[in-house]
Amino acid sequence: MRYLNEHEWKLASRFLFLSMALTVIKHDLEKMNQLAPFKINEPYIAVLKKMEKNATEERRDLRKKMYKEKIKVVALEKNDSFTSYLFICKGKEEKRNYFNPAIRKKVEIIFEELLAHVFESTSSAQEEVKL
């Protein structure tokens, strides 16, 4: 049964998948610092750090909104194919199962959004410098 309205569900699911994307970014940053796979690593690290900063700020805002609306997300169980999460909103609970490849795709989309945002802000800053 669906207890969350569209706004509540979008807020909670964005928080959930943004948190996962942030985990991926932190993992990639750690690997970049350890392995140094490129001859010039600094630009890649700078991009990942900007993405991490933007994701952290957005997640902080989402967390504040969720607190005001009394929304929580709790991981329940995970197996090879599915992961279950419990969405709690104003005392009502709703369990949702996600197909793991679908989770990966959602996280990838958020990762690409964060990457595009970094490049948009970088290109506009470069245009200002050229003038």
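Refer to the preceding data block for the structure.
Now for a quick tour of the structure. (Residues numbered from 1 in each chain as written. Predicted model: local features only at pLDDT ≥ 70, side-chain atom pairs only at ≥ 80, totals over all residues. Heavy atoms only, no water.)

1. Topic: the nonpolar core
The nonpolar side chains of a soluble globular protein tend to be buried, and buried together. If you look at the biggest cluster of nonpolar residues, it comprises 31 residues, and the most contacted ones within it are Phe17 and Tyr98. Listing elements by their share of this core, those giving two or more residues are α1 (6–35), α2 (42–68), β2 (82–89) and α3 (100–130). Ranked by residue count, the leading element in this core is α1, at 13 residues. What tyrosine 98 contacts, discounting residues up to four positions off in sequence, is Trp9, Ser13, Leu16, Phe17, Ser81, Phe82, Thr83, Tyr85, Phe87, Ile103 and Lys106. (Core = buried A, V, L, I, M, F, W, Y, C linked by side-chain atoms within 4.5 Å. Buried < 20%, exposed > 50% of the residue type's maximum accessible area, 1.4 Å probe, protein only. Helix = DSSP H or I, 4+ residues; strand = E, 2+ residues; numbered from the N terminus. Contact = heavy atoms within 4.5 Å.)

2. Description of the pairing of β2
Of all eight residues making up β2, six are buried, and the element is well covered by its neighbours. As judged from the seven bridges shared by strand β1 (residues 71–78) and β2, these two strands associate in the antiparallel manner. Opposite alanine 75, over in β2, you have tyrosine 85 as the bridge partner. The turn joining β1 and β2, which pair antiparallel and follow one another in sequence, is formed by three residues. Here eight bridges tie β2 to strand β3 (residues 92–99), and the two strands are oriented antiparallel to one another. Pairing of cysteine 89 across the sheet is with lysine 92, part of β3. The turn linking β2 back onto β3 is made up of two residues, and lysine 90 within it adopts a positive phi angle of 50°. (Pairing = 2+ DSSP bridges.)

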